[in-house]
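These are the residues of each chain, in order.
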Amino acid sequence: VHVRKHSLEIPPPSEEDWLKDDEEDFFQQDPERIRDALPQPFRMVNKLVMLVFENAMEIIERRETLREAQKLKVRPTKCFPTAEFQVTGTAICLSVSGKFIFVGLSVGLAAFRMYDCKQVCVWDAVKTEICVIRSSDLGNEHHVLLTVDEMGLVSLFCFHRESFLLIKILNEVEDISKRSTCVEVVLSSGGDYAGVLLQGNSEVWLEVYRLPKDSWLKETEKSSGAAAGLAFREMRSSWTSESFVSANKAEAKLSLPVLVLKVKPPKPITGTNFKSPLDALKKVDDGSMLGLGHNHLIKDSQWEQHEAIFRSIYRQFLEAEGESESKDEVPRRATFHFLLPSWILQGGIDIKVQPDVPASISVYWDRSHNLCFYLLNRPLKERVDADLKPDVVWPCAAPIACSAVSSWYLALACEDSAITIWDKHLGYPLSVTVMPEKRPIRSIHFL
């Protein structure tokens, strides 16, 4: 017989068993049970309605957050035109120099004053389309302009006293079959030098000119005085209009620019022609500078053997990238910058340099690993040499893709997505940065 050890106790009454007389002291522990539970399918409908309501509130809160974030952002200032230029034909390009704006038109060249946008002069002697304009302020109300027309001809102008003076067409030749077209034109800051990249039938080269701006300032002042005296005598003697036009043509003759450098693309590196190491050492200078790698003792058979080994090892990568361009193909484009005097190039004790006048030019060609520097103050016999050698060569690990120059720094971006910042005055690198994911770099600028 089972006998309980403890006696049975009466359990306390539950809340549901409270007497109706104590309803004022009733306390519900679960607030959700204040209302009676809904039967199906009303409970499902209630849940769906509450779900839609909660989703709507989340969307509203998200939009409010975005709206508040937009209010905190700095909105760019909207600029509206205050004046317009009335030009003849179509405006193709423009350049600002001093107080004037030079506009290249489909029928010539025009100059406008900056403060009132009024046209002051038009040059339309040839009726040709001007595609590119480069300008620089020479001071004393003189401006130098370089223009490239639709035929690829480079024209040099001097703008003085609200009139254009055509000095010379730099690549004009008598034989049309030998005509070259301009690919790129650069005017140095201050208008001391001009660089023109020209392309012929089967070759390309860079020409650098020194602009005699000091002579232009003196010659234009003399021609202005002569023109004033000529106009006064014309009023007294009633000269014919033909003699006056010829005088105007005579006064437009200014000193011509001087060709300083003619740089051609470096020749591809081929097998050696030296018979002994002594012959190769004779071609080397003092050995203090790096060259372009043409003076070596590697034979053609060694090059071919090395290339065959390389292709056999990295065949899968070469097939994935596809057929590359021919190494013997002549580059068709070059990028160049005029550089102020620095420790990179020392021209010697007898060469005088000015701190605000370019002393050298940096050049690199398409698909080239080398950045070449050339002195602008060279002896006359070396200036227009067919095989002009660079004074300094900076080799890079990969072909140079683009570059930028500021007052203190030189930036080089290579095809391996590496950007190197150089101190161009001292000539040493400051930093090297590699872009993430090896993204190609197309252009680079200093801000």
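Being a predicted model, the structure only gives us computed values, none of them experimental.

S.K.: Just checking my understanding: could you explain the side chain of Thr 420 for this structure?
M.R.: Relative to the assigned elements, Thr 420 resides in strand β19 (residues 418-423). Relative accessible area serves as the criterion here: at 16%, Thr 420 is assigned to the buried category. With sequence-adjacent residues up to four places away left out, Thr 420 is seen in contact with Leu 410, Ala 411, Leu 412, Pro 429, Ser 431 and Val 432.

S.K.: Sorry if this is basic, but what is going on with unusual backbone geometry here?
M.R.: Trans peptide bonds make up most of the peptide bonds, and negative phi angles are found at most residues other than glycine. The residue Arg 161 is not glycine, and still its phi comes out positive at about 55 degrees. By the element assignment, Arg 161 lies in the loop between β7 (154-160) and β8 (164-169).

S.K.: I tried to follow the nonpolar core on my own but got confused; where do I start?
M.R.: Note on soluble globular proteins: their nonpolar side chains tend to be buried together. Counting residues in hydrophobic clusters, the biggest one holds 21 residues, and the most contacted among them are Leu 146, Leu 211 and Trp 216. Contacts of Trp 216, omitting those with residues within four sequence positions, involve Leu 138, His 142, Val 144, Leu 156, Ile 167, Leu 211, Leu 254 and Ser 255. Ranked by size, the runner-up nonpolar core spans 20 residues in total, among them Leu 261, Val 263, Cys 372 and Leu 376.

S.K.: Explain the pairing of strand β13 (residues 334-339) here, please?
M.R.: A regular strand places its side chains on the two faces of the sheet in alternate fashion. Counting buried residues along β13, 5 of its 6 residues qualify, which places the element largely inside the surrounding structure. Sheet topology places β13 next to strand β14 (residues 360-365); 6 bridges connect them, and they run antiparallel. Pairing of Phe 338 across the sheet is with Ile 361, part of β14.

S.K.: What am I meant to see in the sheet that holds strand β1 (residues 91-97) here?
M.R.: The strands making up a sheet are joined through hydrogen bonds of the backbone, oriented either antiparallel or parallel. With respect to topology, 4 strands assemble into an open sheet ordered β1-β2-β3-β4, the strand pairing being antiparallel. In this open sheet, the two edge strands, each paired with only one partner strand, are β1 and β4 (119-123). Pairwise comparison of adjacent strand axes, ignoring direction, gives a mean angle of 20 degrees for this sheet. Across 5 bridges, the pairing between strand β2 (residues 100-105) and strand β3 (residues 109-113) is antiparallel.

S.K.: For this particular structure, what's the right way to read the pattern of salt bridges?
M.R.: As a working rule, side chains carrying opposite charge can pair if their charged atoms are close by. On inspection of all chains with the given rule, the structure shows 10 salt bridges. The residue Glu 64 makes a salt bridge to Arg 67 at a minimum N-O spacing of 2.9 Å. Of the two residues, Glu 64 and Arg 67 both sit in helix α1 (residues 42-72), 3 residues apart, roughly one turn of that helix. What makes Glu 64 partly exposed here is its relative accessible area of 39%. Looking at Arg 67, the relative accessible area reads 41%, which means it is partly exposed. For Arg 161, the salt bridge goes to Glu 221, with nearest N and O atoms at 3.9 Å. Of this pair, Arg 161 sits in the loop between β7 and β8 while Glu 221 is found in helix α2 (residues 213-237), placing the two residues 60 residues apart along the sequence. The exposure class of Glu 221 is partly exposed, given its relative accessible area of 33%. Members of the salt-bridge network, linked through shared partners, are Arg 113, Asp 116 and Glu 162.

S.K.: I'm lost on the sheet that holds strand β5 (residues 130-139) in this one. Help?
M.R.: Sheet architecture is open: 4 strands sit in the order β5-β6-β7-β8, paired in antiparallel fashion. Among the strands making up the open sheet, the edge pair consists of β5 and β8. On average, adjacent strands in this sheet sit at an angle of 20 degrees to one another, irrespective of strand direction. Looking at chain direction, β7 and β8 are connected through 5 bridges and run antiparallel. Residue Ser 155 lies in a different strand from β8, and its bridge partner there is Ile 169.

S.K.: I would appreciate a short explanation of the confidence of the model for the protein chain in the present structure.
M.R.: Should pLDDT be low for a region, the predicted coordinates there are not to be read in detail. Of the residues in the protein chain, 76% reach a pLDDT of 70 or more, and the chain-wide mean stands at 79. Under a pLDDT of 50 for its full length, residues 227-251 has, in the predicted model, 9 contacts with residues more than four places off or in other chains.

S.K.: Which parts of the structure should I look at to understand the packing of aromatic side chains?
M.R.: Applying the stated rule across the entire model yields 13 aromatic pairs. On the basis of an interplanar angle of 55 degrees and a centroid distance of 5.0 Å, the ring pair of Phe 159 and Phe 164 is categorised as tilted. Here Phe 159 and Phe 164 have matching classes, each one buried. Where Phe 373 meets Trp 394, the ring centres are 4.8 Å apart and the plane angle is 65 degrees; that geometry is what we call edge-to-face. Of this pair, Phe 373 sits in strand β15 (residues 370-375) while Trp 394 sits in strand β16 (residues 392-395), and the two are 21 residues apart along the sequence.

Rules and cut-offs
Within every chain, residues take consecutive numbers counted from 1 along the sequence as written. Predicted model: local features are reported for residues with pLDDT of at least 70 only, side-chain atom pairs are reported and counted for 80 or more only, and whole-chain, interface and lining totals are derived from all residues. Heavy atoms from the whole structure form the basis of all side-chain values; hydrogens and water molecules are not counted. Numbering of helices and strands runs from the N terminus, with a helix taken as a DSSP run of H or I at least four residues long and a strand as a DSSP run of E at least two residues long. We call a residue buried when its accessible area falls under 20% of the maximum for its residue type, exposed when it is over 50%, and partly exposed in between, using a 1.4 Å probe and counting protein chains only. Any two residues whose heavy atoms approach within 4.5 Å at even a single point are treated as in contact. For the purposes of this section, nonpolar cores are sets of buried Ala, Val, Leu, Ile, Met, Phe, Trp, Tyr and Cys residues that join through side-chain atoms within 4.5 Å. Any two strands with at least two DSSP-identified bridges between them are counted as paired. All axes here are fitted lines through C-alpha atoms, helices being fitted over the stretch that makes contact, and every angle between N-to-C directions spans 0 to 180 degrees. A pairing counts as a salt bridge when a side-chain nitrogen of Lys or Arg comes within 4 Å of a carboxyl oxygen of Asp or Glu. Confidence of the prediction at every residue is given by pLDDT, a number between 0 and 100. Here a Phe, Tyr or Trp ring, Trp counted by its six-membered ring, pairs with any other such ring whose centre lies within 6.5 Å, and the pair is stacked when the planes are under 30 degrees apart, edge-to-face when over 60, and tilted otherwise.

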